[in-house]
Amino acid sequence: MKRPTLEAVAARAGVSRATVSRVVNGQMTVTPQIRDAVMRAVDELGYVPNSAARSLVTQRTDSIALVVSEPPTRVFSEDPMFSTVIRSASLELEAADKQVVLMLGGSAQNHARIERYIASGHVDGVMLISMHGADPLPSAIARMGVPVVSYGRPPVPVPLPYVDNDNVGGAGKAVRHLLDGGRRRIATIAGPQDMVGGQDRLKGYRDALRESDRRSIVAVGDFTRESGAVAMRHLLQDDPDLDAVFVANDLMAIGALQTLRQAGRRVPDDVAVVGFDDIEAARFTEPPLTTIRHPVIEQAAAMVRLLLGLFNDGAADPVILPTELVVRDSA
């Protein structure tokens, strides 16, 4: 059976081909009576719009690029943040009848490929995730004039709409919880300092300690479990008397718990531990991990809504979502 054409729909509805085109492309310059007649003809004939031809008319692809500035080994690892953000953003885009295009930008070669793809008009907008300090994509995409938003405050001085959680405030909640519990020597395992999340959580830790006249004790990891284990060993070597540690994400906190157990330190009796993220695994550590919950699913959905709003309004203010202290047995 031949595929129904615009001409066939026009003949059935008793209108011109141009009128049918305006209706199926969502233009509002058609009377409700004519629109109803066209849509009845579309249903009766089983007409399906040609997406390529429709794109030529609307100048829209209905596709959104989700760019993760990490290598595949990081994205498809034990870190659930990436899969949660990708899944949540995809569901929100699906509800808006948009298609997500996942692109990994963990190398200079990939950056160049992504820039060419976006500049060629294959997507209507871009969402950036996990940017590092020297990431060239925000500036390059901004120059193209393509709508773009960031998951997290961008690390570059580009006026980029973004959705983030209160990293500074969340870290402060963690440290104040430890201080209220009587802890005196509170260390931190900070995240990578070329990422805004790592910088802001370290700032929140330092601000809270400064208010209580305590000195900072800092080691730095890269948000992986292995780096948390290594950083915890360094902290114990440098300051054996520490009695608490705030860890900038839960994966590193899980690594820190392992090191403390191997060192014979009881948690929380000897050393209290607080993480950040509230991933599912935090409930099943030994002991269960006290942590700062930030709304990953809501943040991803808000990022999509912010981008879709740019298509209509052309501008948007940053969105900052609150965090919450979740108390379990580790602190």
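For the structure itself, consult the block above.
All of the points below concern the structure found in this document.

Rules and cut-offs
Residues numbered from 1 in each chain as written. Predicted model: local features only at pLDDT ≥ 70, side-chain atom pairs only at ≥ 80, totals over all residues. Heavy atoms only, no water. Helix = DSSP H or I, 4+ residues; strand = E, 2+ residues; numbered from the N terminus. Rg over C-alpha atoms; globule rule 2.2 N^0.38 Å. Buried < 20%, exposed > 50% of the residue type's maximum accessible area, 1.4 Å probe, protein only. Contact = heavy atoms within 4.5 Å. Areas by Shrake-Rupley, 256 points an atom, 1.4 Å probe, with all protein chains shown as cover. Lys, Arg positive; Asp, Glu negative; His and termini not counted. Charge placed at Lys NZ, Arg CZ, Asp CG, Glu CD. Pairing = 2+ DSSP bridges. Salt bridge = Lys/Arg side-chain N within 4 Å of Asp/Glu carboxyl O. Polar contact = N/O pair within 3.5 Å; in protein donor to acceptor, adjacent residues only side chain to side chain. Axes fitted to C-alpha atoms, helices over the stretch in contact; angles between N-to-C directions. Phe/Tyr/Trp six-rings, centres within 6.5 Å; stacked < 30°, edge-to-face > 60°. Lys NZ or Arg CZ within 6 Å of the ring centre and 35° of its normal. Parallel < 35°, antiparallel > 145°, perpendicular 65-115°, else oblique. Left-handed = near helix turned anticlockwise from the far one by under 90°. Nonpolar A, V, L, I, M, F, W, Y, C, P; charged D, E, K, R; others polar.

Our focus in this paragraph is the overall build of the protein chain. On a plain count of helices and strands, the protein chain comes out with 13 helices and twelve strands. The C-alpha radius of gyration of the protein chain comes to 25 Å, more than 25% above the 20 Å expected for a compact globule of 331 residues. Considering only C-alpha atoms, the protein chain reaches an extent of 85 × 35 × 35 Å along its principal axes. Scored against the burial criterion, the 331 residues of the protein chain give a buried share of 50%. Long-range contacts, defined here as pairs at least 24 residues apart, represent 71% of the contacts in the protein chain between residues at least 6 apart. Accessible surface, the protein chain as shown: approximately 15,800 Å² in total, 52% of it carbon and sulfur. Within the protein chain, one finds 36 positive and 40 negative side-chain charges whose respective centroids are separated by 4 Å.

In this structure, strand β9 (residues 272-277) lies alongside strand β10 (residues 290-293), joined through four bridges in parallel fashion. Residue Val274 lies in a different strand from β10, and its bridge partner there is Thr290.

Before going further, it helps to examine the side chain of Glu70. Along the chain, Glu70 turns up in the loop between β1 (63-68) and α5 (72-75). No salt bridge is formed by the buried Glu70, whose closest oppositely charged neighbour, Arg74, lies at an N-O distance of 4.4 Å. Polar contacts involving the side chain of Glu70 include one to the side chain of His132, which spans 2.7 Å. Beyond its immediate sequence surroundings of up to four residues, Glu70 is in contact with Val75, Phe82, Leu104, Gly105, Gly106, Ser130, His132 and Met195.

The next thing to look at is the pattern of salt bridges. Applying the stated criterion to the full structure yields 17 salt bridges. Glu92 is the partner of Arg305 in a salt bridge, and the nearest nitrogen-oxygen pair spans 3.5 Å. Taken as a pair, Arg305 in helix α13 (residues 296-313) and Glu92 in helix α6 (residues 80-95) lie far apart in primary sequence, 213 residues in all. When its relative accessible area of 26% is taken as the criterion, Glu92 is described as partly exposed. For the salt bridge of Lys203 with Asp207, the shortest nitrogen-to-oxygen distance reads 2.7 Å. Taken together, the positions of Lys203 and Asp207, both in helix α10 (residues 196-211) and four residues apart, correspond to about one turn of that helix. Salt bridges linked by common partners bring Asp278, Arg293, Glu324 and Arg328 together as one network.

Pro268 follows Val267 through a cis peptide bond whose omega is 10°. Relative to the elements of secondary structure, Pro268 occurs in the loop between α12 (250-262) and β9. The linkage connecting Glu286 with the following residue, Pro287, adopts the cis geometry, with an omega of -5°. Examined against the element boundaries, Pro287 turns out to sit in the loop between β9 and β10. For Asp277, which is not glycine, the phi dihedral falls at a positive 135°. For Asp277, a relative accessible area of 15% puts it in the buried group.

This part takes up the sheet that holds strand β5 (residues 162-165). Ordered in space as β2-β1-β3-β4-β5-β11, the six strands form an open sheet in which the pairing is parallel. The two strands at the open ends of the sheet, each matched to only one other strand, are β2 (99-104) and β11 (319-321). In this sheet, adjacent strand axes meet at a mean angle of 20° when their direction is disregarded. Sheet topology note: the strand β3 (residues 125-129)/strand β4 (residues 148-151) ladder contains four bridges and is parallel. Across the sheet, the residue bridging to Ile129 is Tyr151, located in β4. Helix α7 (residues 108-119) rests against β1, β2 and β3 of the sheet, and its axis sits at about 155° to β2.

Let's shift gears to the sheet that holds strand β8 (residues 244-247). Taking strand neighbours across the sheet as the criterion, the six strands line up as β7-β6-β8-β9-β10-β12 in an open arrangement whose pairing is mixed. Of all the strands in the sheet, just β7 (218-220) and β12 (324-326) have a single pairing partner and so form its edges. Ignoring strand direction, the axes of neighbouring strands in this sheet form an average angle of 20°. Relative to β12, β10 runs antiparallel, the two sharing three bridges.

Turning our eyes to something else, we now look at the packing of aromatic side chains. What the rule picks out here adds up to one aromatic pair. It is Arg201 that lies over the ring of Phe276; its NZ or CZ is 3.8 Å from the centre.

A few words now on the packing of α7 against helix α8 (residues 137-144). Between α7 and α8, the shortest axis-to-axis distance is 11 Å and the interhelical angle comes to 15°. Between α7 and α8, the interaxial angle falls into the category roughly parallel. As α7 packs across α8, the resulting crossing turns out to be right-handed. Contacts between α7 and α8 involve His111, Ile114, Glu115, Ile118 and Ala119 from the former and Leu137, Ala140, Ile141 and Met144 from the latter. In terms of residue class, the contact of α7 with α8 is made up of seven nonpolar, one polar and one charged.

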